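Each chain is listed here by its residues.
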Amino acid sequence: MVTSLSPDRPRGSEPEHERVAVLARVPLTPPRALAPPVPLVGDGMPVPCVDGTERPYLSFDAAASTGALSQVLAAVEAFVPWYSSVHRGAGYKSQLATAAYEDARAAALSFARPGRRPAGDDVAIICRNTTEALNHLAYRLRLSREDVVVTTVVEHHANLLPWSRAATCRHVECGPDGTVSLGAVEAALDERPAPRLLAVTGASNITGWLPDTGQIIAAAHHRGIPVVVDAAQLAPHRPLPADADFLAWSGHKMYAPFGAGILVGPREQFADGDPFLAGGGAVDLVDLDEVVWTGPPDREEAGSPNVIGAVALHAAIDALDKIGWPALIAHDRRIARSLRRGLATIPGVRLLGPGPDVETLPVAAFTVQGVPHALVAARLAAEEAIGVRHGCFCAHPYLMRLLGLGREEVRQYRDQVRRGDRSAMPGAVRASAGINTTDDDVQRLLAAVARVAAGRSSVHYDQDPHTGDYRPSMPAWLPRLRADRRSCFPG
């Protein structure tokens, strides 16, 4: 942390521009420890409902993206006047922006590897999001079709598609409750040919299930197999598994929605070969017929980096560290228990995944008997001012198993989608909570879901077969919304 720009001047006596510059380099943190729930920027904003009134907006979509912590927004606002090119200028602002960017990298590395490895063993690569990080890694591992990557059917598409495109995947199946056993993972690791990599989620984005990553990583390492953990859902809720060889996560799910993600892995993995992205900043010397790549992490970050996103992520890490994992986990457990148990008791509601007494993140996927998932979400939005996600949550194989669909049913749905008709697309509704969710918020959601499950609405809804979405047949309600007819729940 920077304390002064001059060793000969006491802190607090700097000129104003230098004090602001110091603040810009050091993401702002609360002056005292906080305890969840912690409000986010924009919480409770009034939004219109179909009955003509406005209600405070309630987001239960933290698993997709979170709002910003006030400390994160304050850090960004303090930094923006000092924004400049990173690694590309001798000017004061450029030097300060570079320092802020590298401070964020160091904070991300410490967040991933608290005290585990000596400095220099690992590198943190700043990218757009978890999806880019995993695609980046799949390229840099130089996989081929002869290589086997073991993964599970629980994974988000971001931890499925990059591996299936680059290598041959061996999938570990889940049980009816959506969980994967350690024995099943070990069996997949023991099959021949031996796998090159194990790719596993740190937490399910649909059910909130928490695999025992400690045991899974130990089993893979016992067999000499490196492990990548998709920590996108895990990062804002639990400490990251420090023994994973590679980690990927995103700021937009941990209260820093400014577009930065992180890939952490051994420095040696990125020291040779051409990078995922080629361009300025990744090189030491370029001729028309030759390029000398620079060392990592710069080698992996061609182009002008997202320094604003990095500063925001640093501020979020500092804020979560200030609150502390014990308080964050206690809040998660209380909200998850109330949310999942409450949904399971509503007549007509089916909770997907592990039972309500199994510890999960505060994430719950469910269906309502006789009501399409898209209509449930539309009614919650238009009548109750509650935002949830619906559809397949970018984890189609997992959701199809949770819904108990057979191959023939899935094939029929696929044929319909290919014809441009998403009206019968299978799916569920997901309610996901965050650091700002209160017990009253959970009760408000449960009451609203109970009303949807209890009967028909007095409001008529029209379905667009092209998108599958429902909209209240009231032109005055958000008339300009989604004029492009793009679906609310693309895969």
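Residues numbered from 1 in each chain as written. Predicted model: local features only at pLDDT ≥ 70, side-chain atom pairs only at ≥ 80, totals over all residues. Heavy atoms only, no water.

Asks: With reference to specific residues and values, describe the overall build of the protein.
Replies: For the protein, the helix and strand inventory stands at 13 helices and 19 strands. Burial statistics for the protein: of 491 residues in total, 52% are counted as buried. In the protein, once contacts between residues fewer than 6 apart in sequence are set aside, the share between residues at least 24 apart is 69%. Entry remark: accessible area of the protein is about 21500 Å², with carbon and sulfur atoms responsible for 53%. (Helix = DSSP H or I, 4+ residues; strand = E, 2+ residues; numbered from the N terminus. Buried < 20%, exposed > 50% of the residue type's maximum accessible area, 1.4 Å probe, protein only. Contact = heavy atoms within 4.5 Å. Areas by Shrake-Rupley, 256 points an atom, 1.4 Å probe, with all protein chains shown as cover.)

Asks: Quick rundown of the sheet that holds strand E13 (residues 349-351)? Include the residues and the values.
Replies: Across the sheet, four strands lie side by side as E13-E14-E17-E16; this open sheet has antiparallel pairing. At either margin of the open sheet sits one strand with a lone partner, and together these are E13 and strand E16 (389-391). The average angle at which neighbouring strand axes cross in this sheet is 30 degrees, direction not considered. Contacts from helix H9 (residues 325-344) reach E13, strand E14 (363-368) and strand E17 (428-432) within the one sheet, and its direction differs from that of E14 by about 10 degrees. (Pairing = 2+ DSSP bridges. Axes fitted to C-alpha atoms, helices over the stretch in contact; angles between N-to-C directions.)

Asks: I'd like to hear about the pattern of salt bridges, residue by residue, with values.
Replies: Any two side chains of opposite charge can pair, given that their charged atoms come close. One pass over the full model with this rule turns up 22 salt bridges. Put simply, Arg105 and Glu102 hold a salt bridge, and the shortest N to O gap is 2.8 Å. Of the two residues, Arg105 and Glu102 both sit in helix H3 (residues 92-112), three residues apart, roughly one turn of that helix. The class of Arg105 is buried, set by a relative accessible area of 7%. Across the pair Arg128 and Glu132 runs a salt bridge whose closest N-O atoms are separated by 2.7 Å. A relative accessible area of 16% means that Glu132 is categorised as buried. Salt bridges linked by common partners bring Arg238, Asp332, Arg333 and Glu359 together as one network. (Salt bridge = Lys/Arg side-chain N within 4 Å of Asp/Glu carboxyl O.)

Asks: Account for the environment of Ala447, with residues named and values stated.
Replies: With respect to the helices and strands, the residue Ala447 is situated in helix H13 (residues 439-454). Through-space distance from the C-alpha of Ala447 to that of Gly342 is 9.5 Å; in sequence the pair is 105 residues apart.

Asks: Lay out unusual backbone geometry in plain terms, naming residues and giving numbers.
Replies: Looking along the chain, the bond that leaves Pro36 and enters Pro37 is cis, with omega of 5 degrees. The peptide bond linking Pro296 to Pro297 adopts the cis configuration, its omega dihedral lying at 5 degrees. Take Pro297: it is sitting in the loop between strand E12 (290-293) and helix H8 (307-323). Unlike most non-glycine residues, Arg142 shows phi in positive territory, near 55 degrees. For Arg142, the position within the fold is in the loop between helix H4 (130-140) and strand E5 (148-152).

Asks: Provide a residue-level description of the pairing of strand E6 (residues 168-172), including the pertinent values.
Replies: Note: E5 against E6, five bridges, orientation parallel. By the bridge assignment for E6, Thr152 is matched with Val172. Read as a crossover between parallel neighbours, the route from E5 over helix H5 (residues 161-166) to E6 is right-handed. (Right-handed = clockwise from strand over helix to strand, strands pointing away.)

Asks: Mind laying out the sheet that holds strand E10 (residues 261-266), listing which residues take part and the relevant values?
Replies: Ordered in space as E4-E10-E9-E8-E7-E5-E6, the seven strands form an open sheet in which the pairing is mixed. Lying at the two open borders of the sheet, with one neighbouring strand each, are strand E4 (122-127) and E6. Ignoring strand direction, the axes of neighbouring strands in this sheet form an average angle of 20 degrees. Looking at chain direction, strand E8 (residues 227-230) and strand E9 (residues 246-250) are connected through three bridges and run parallel. Looking at E9, one finds that Val228 is bridged to Phe246. Packed on one face of the sheet, helix H6 (residues 182-190) meets E5, E6 and strand E7 (197-201) and runs near 155 degrees to E6.

Asks: Would you mind going over the packing of aromatic side chains in detail, with residue names and values included?
Replies: Overall, the coordinates contain five aromatic pairs when judged by the stated rule. Look at Phe79 and Tyr83: their rings are 6.5 Å apart centre to centre, the planes differ by 85 degrees, and that puts the pair in the edge-to-face class. (Phe/Tyr/Trp six-rings, centres within 6.5 Å; stacked < 30°, edge-to-face > 60°.)

Asks: Before we move on, can you summarise the nonpolar core with the specific residues and values?
Replies: Note that soluble globular proteins tend to have their nonpolar side chains buried in a common cluster. In this structure, Leu198, Leu240, Leu247, Trp249, Met254, Leu399 and Ile435 are the most contacted members of the largest nonpolar core, which totals 84 residues. Counting 34 residues, the second largest nonpolar core, distinct from the first, contains Leu375, Ala378, Ile386 and Ala431. (Core = buried A, V, L, I, M, F, W, Y, C linked by side-chain atoms within 4.5 Å.)

Asks: Explain the side chain of Glu383 to me, using residue names and the numbers behind them.
Replies: Mapped onto the secondary structure, Glu383 falls in helix H10 (residues 373-384). Note on Glu383: relative accessible area 16%, which makes it buried. What Glu383 contacts, discounting residues up to four positions off in sequence, is Cys49, Val50, Arg55, Ser457, Val459 and Tyr461.

Asks: Quick rundown of H8? Include the residues and the values.
Replies: Each α-helix turn comprises 3.6 residues. Residues three or four places apart therefore point the same way. Here H8 spans 25 Å end to end across 17 residues, near enough to the 24 Å set by a 1.5 Å rise per residue. Trailing H8 by a residue or two, Gly324 shows a phi angle of about 95 degrees, which is positive. (Expected span 1.5 Å × (residues − 1).)

Asks: Pulling in residues and values, what's your account of the packing of helix H2 (residues 70-79) against H8?
Replies: Two numbers describe how H2 lies on H8: the axes approach to 8 Å, and their chain directions differ by 140 degrees. When the axis of H2 is compared with that of H8, the two are oblique. Remark: the crossing between H2 and H8 carries right-handed chirality. The residues of H8 that touch H2, namely those facing Gln71, Val72, Ala75, Val76 and Phe79, are Val307, Ile308, Val311, Ala312, Ala315, Ala316 and Ala319. Taken together, the residues of the contact of H2 with H8 sort by class into 11 nonpolar, one polar and no charged. (Parallel < 35°, antiparallel > 145°, perpendicular 65-115°, else oblique. Left-handed = near helix turned anticlockwise from the far one by under 90°. Nonpolar A, V, L, I, M, F, W, Y, C, P; charged D, E, K, R; others polar.)

None of the figures reported here should be taken as evidence of function without further support.
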